[in-house]
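Fold and contact review
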Amino acid sequence: MMNADDPDQKPALAAHDEAQAGAPAIVDVLAPLALDMVWSYLAPPDLALAAGDIVRIPFGSREAIGVVWAVHPPGATVGGRKLKTVSGRYDVPSLPDGLRTLLDWIARYTLAPRGQVLRLALRHPEKLPPEAPRVAVAATGRLPARLTPARRRALAALDGHDAMSRKGLAVAAGVSLAVINGLIDDGSLETRVLPDTPAPAPDPEFAPAALSDGQAGAAASLRAAVADGQFGVTLIEGVTGSGKTEVFFEAIAEALRQGRQALVMMPEIALTAQFLDRFAARFGVRPAEWHSGVSPRQRERIHAGAASGEIQVVTGARSALFLPFSKLGLIVVDEEHEAAYKQEDGVHYHARDMAVVRGRIERCHVALASATPSIESRVNAMRGRYGHLRLPERFGQRAMPRLSAIDLRKQAPPKGRWLSAPLVEAARETLARDEQALFYLNRRGYAPLTLCRSCGHRFQCPNCSASLVEHRFRRALICHHCGHAERRPDACPACGEVDALVPAGPGVERLAEEVAALFPGVPAITLSSDLAGGSERMRKELDAVAAGDFRIIIGTQLVAKGHNFPRLTLVGVVDADVGLATGDPRGAERTFQMLQQVTGRAGRGDAPGRAILQTHQPEHPVMTALLSGQSERFYAEEIAAREAAGLAPFGRLAAIIVAGPDRQATEAHAQALARAAHAAPNASGDLVVLGPAEAPLAIVRGMHRFRLLIKSARNTDLQGFLRAVLAATSAPAARIRVTVDVDPQSFF
DNA sequence: AGCACGCCGACT
DNA sequence: GTCGGCGTGCTC
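My aim in this report is to walk through the structure given alongside it, one point at a time. Because the structure is predicted, anything quoted here is derived from the model rather than measured.

**A look at the packing of helix α7 (residues 244-257) against helix α8 (residues 272-283)**
- Two numbers describe how α7 lies on α8: the axes approach to 11 Å, and their chain directions differ by 55 degrees. Considering their axes alone, α7 and α8 lie oblique with respect to each other. For the pair α7 and α8, the crossing hand works out as right-handed. Contacts from Thr245, Glu246, Phe248, Phe249, Glu250, Ile252, Ala253, Leu256 and Arg257 of α7 reach α8 at Phe275, Arg278, Phe279, Arg282 and Phe283.
- A breakdown of the residues in the contact of α7 with α8 according to their chemical character gives eight nonpolar, one polar and five charged.

If you want it as structure tokens, here you go:
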């Protein structure tokens, strides 16, 4: 961390730039603070400042960092104010024009102060100790005064080598670094500074994959789009194993041939490891990796490399979008439907959408890849705004699983149980073949609801009125919304009746009990985010599952992606209806995506697997689409349903209320939106509220279901505001979420 | 976002 | 009598 008060921490400032004649130039500087405005400064006479330069400025009583956002034409004056002078410029890459344009755009679009958006792109230019030059040691031919056994081994290990790195030699000789250093001091070894070899570049011709006809066609089309060098978006749709990655690798290869950079965005870093290996197999080297876990030194290198163009391919989480690429030629957004692309604190943005915006700014192609695209990307493809490439078949992989449904209205499990007879039978067959079965239930804990048998009391969270979920393992009632936890009492808090509390409905813990009773002695494991022991333990257990140590897996959505379970041939969806009737406008879409993903995990090399959906509504579009394998149909029906509900199919933003200092404008804005909301009384969507609370209530009253994004002005009584919103609507508190996503193209 | 200034309650 | 709580305002 940089500390402005500590002079030793001050970064190197470029001091001797060409002096400029005449009056000092005036520059506008944006500071990475939650402020929207720029501040004017005089440029020091010996610094030729340009837009994008990163500078230090005196700011109030302290020094601050900032970025030159604009340079005034010579001779300009600013408001007759006496201006302070920029203190100096950091010797780090400037923010390129395209990136600054993107940041301005995002600020306008998300209603965030520009300074706050700037923080996304500005890593503190820390004064890292200068990079140690890479040194190697070579023998001088002189023997040391004292030739100890360790020294003898070290010199022997070096024999036949021209030079070796100190560490390499130490390892090769089985001695410590101290021995090597001793030999250097004694004059038996000399150090040589190795030339700074640039990291090997990915080679577009290294190992092109053999593509099927369908893949080759898609790859050619995408290559052409990249070669074209213009902005455009392509949706690549194809199930797992259909070759999406191979296809966009060819697009990356094309960008490299054009001498341009490529950015591959991933929803989470946990999934990147295997991607890096596949990339290396195709291009000869791994791409640069960018995410929150990367070391400061590495960050600095990637920053510099992205700006200079030396680093050609970066893969990373959503923050990689804000790297200072100088010649971006392609952005790939993998798993574009993933909710992880949405940032929900600070600046609220959807990285997939912002990738499209950056592509437009940089005039480069953007490829969105998914097996189950988001509705908005599908709509954009349908309307011809995005290109659409489909990769229908699985290529050289296992076949798609056979899907079937069990109608729970006709084949209900016994009371207090959740697995129907046909599903249990299917699992028995699977186990008899020495294969694995997965019971999927997206409900953590023991029971989603706890009721009093005597008075009907339902345990609710005191903060958000959501039902408290019983976690038997942790012996607690927990709110999955806010994290509130309390002990499960013995007596009903409402009527005092003892031993009258009953769990209602299943969670994975309860399902595990049933599985243990049905399949005694069969090794089973329950995987949910409640698993104690953190990510390390999770990794271990997943490896154990992959190795076949467990025959039955009971899991939440956590098992839907990532790890390949080669012996898994049966996926039983215990309650396919979870998530359909929650009032979430995206419920059906999310359920479809999740079920498509989790059922797709069944099957192995030699045989297709089976997936069984237990459902109360086999006629639901989600189920019929899954069963028929026609996602097309689901998307069409879902889009129609959203249109019928008065929702833009691609976004859910219902209102933006900017309650700024101009109260009159705020109220006029709010009234216009309230009129619109009342004209469509079933409107649902996102509500963006900025600032004080009174005005938004008029709009909230016109809505039934909504999500809420609150960007509160300081000192706003948020709790009080939420209570007022709840009083004004019929929306349950559990439905209030912080979110914003709108198709950015609607703003173009 | 920081940071200073300022105005009221409990302490050496 | 001051130390320090945080509410308000300002930063070229």
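Moving on from the coordinates now.
**A closer look at the sheet that holds strand β8 (residues 164-165)**
- Taken in spatial order, the three strands make up an open sheet running β8-β7-β9, and their pairing is antiparallel. Strands with a single pairing partner mark the edges of an open sheet, and in this sheet they are β8 and β9 (189-193).
- Alignment of strand β7 (residues 135-139) against β8, held across two bridges, turns out to be antiparallel. Within β8, the position partnered with Ala136 by the bridge is Ser165.
- Packed onto the sheet, helix α3 (residues 149-158) meets β7, β8 and β9 and runs at close to 100 degrees relative to β7.

**A few points about the state of the cysteines**
- Counted under the stated rule, the structure contains zero disulfides.
- Looking at Cys492, it has no disulfide partner, and the nearest cysteine sulfur is the one in Cys452, 3.6 Å off.

**A closer look at unusual backbone geometry**
- The phi torsion at Glu335 lies on the positive side, around 50 degrees, for a residue other than glycine.
- Turning to its location among the elements, Glu335 is positioned in the loop between β14 (328-334) and β15 (342-343).
- Here the phi dihedral of Arg475 falls at roughly 50 degrees; this positive angle occurs in a residue that is not glycine.
- Along the chain, Arg475 turns up in the loop between β22 (469-471) and β23 (476-478).

**Quick notes on the sheet that holds β22**
- Spatially, β22-β23-β24 is the arrangement adopted by the three strands of the open sheet, whose pairing is antiparallel. With partners counted over all chains shown, the strands left at the sheet margins are β22 and β24 (485-487), one partner each. Between one strand axis and the next, the sheet turns through 30 degrees on average, direction left out of account.
- Inspection of the sheet shows β22 paired to β23 by three bridges, in the antiparallel sense. If you follow Val469 over to β23, its bridge partner there is Ile478.

**Here we look at the protein's contact with DNA strand C**
- The environment of DNA strand C is formed by 13 residues, the closest being Ser40, Pro58, Phe59, Gly60 and Lys84.
- Taking the atoms of DNA strand C that fall within 4 Å of the protein, sugar and phosphate contribute 43% of them.
- Within the contact set of DNA strand C, a phosphate oxygen lies 3.3 Å away from a side-chain nitrogen or oxygen of Tyr41.
- One nitrogen or oxygen atom from the main chain of Pro58 is found 3.2 Å from a phosphate oxygen belonging to DNA strand C.
- Of the residues forming the surface near DNA strand C, the biggest block, three residues, is contributed by strand β3 (residues 39-42).
- Partitioned by chemical class, the residues of the surface near DNA strand C number six nonpolar, three polar and four charged.

The rules behind each value
Residues numbered from 1 in each chain as written. Chains lettered and ligands numbered in written order. Predicted model: local features only at pLDDT ≥ 70, side-chain atom pairs only at ≥ 80, totals over all residues. Heavy atoms only, no water. Axes fitted to C-alpha atoms, helices over the stretch in contact; angles between N-to-C directions. Helix = DSSP H or I, 4+ residues; strand = E, 2+ residues; numbered from the N terminus. Parallel < 35°, antiparallel > 145°, perpendicular 65-115°, else oblique. Left-handed = near helix turned anticlockwise from the far one by under 90°. Contact = heavy atoms within 4.5 Å. Nonpolar A, V, L, I, M, F, W, Y, C, P; charged D, E, K, R; others polar. Pairing = 2+ DSSP bridges. Disulfide = S-S within 2.5 Å. Near = heavy atom within 4 Å. Polar contact = N/O pair within 3.5 Å; in protein donor to acceptor, adjacent residues only side chain to side chain.

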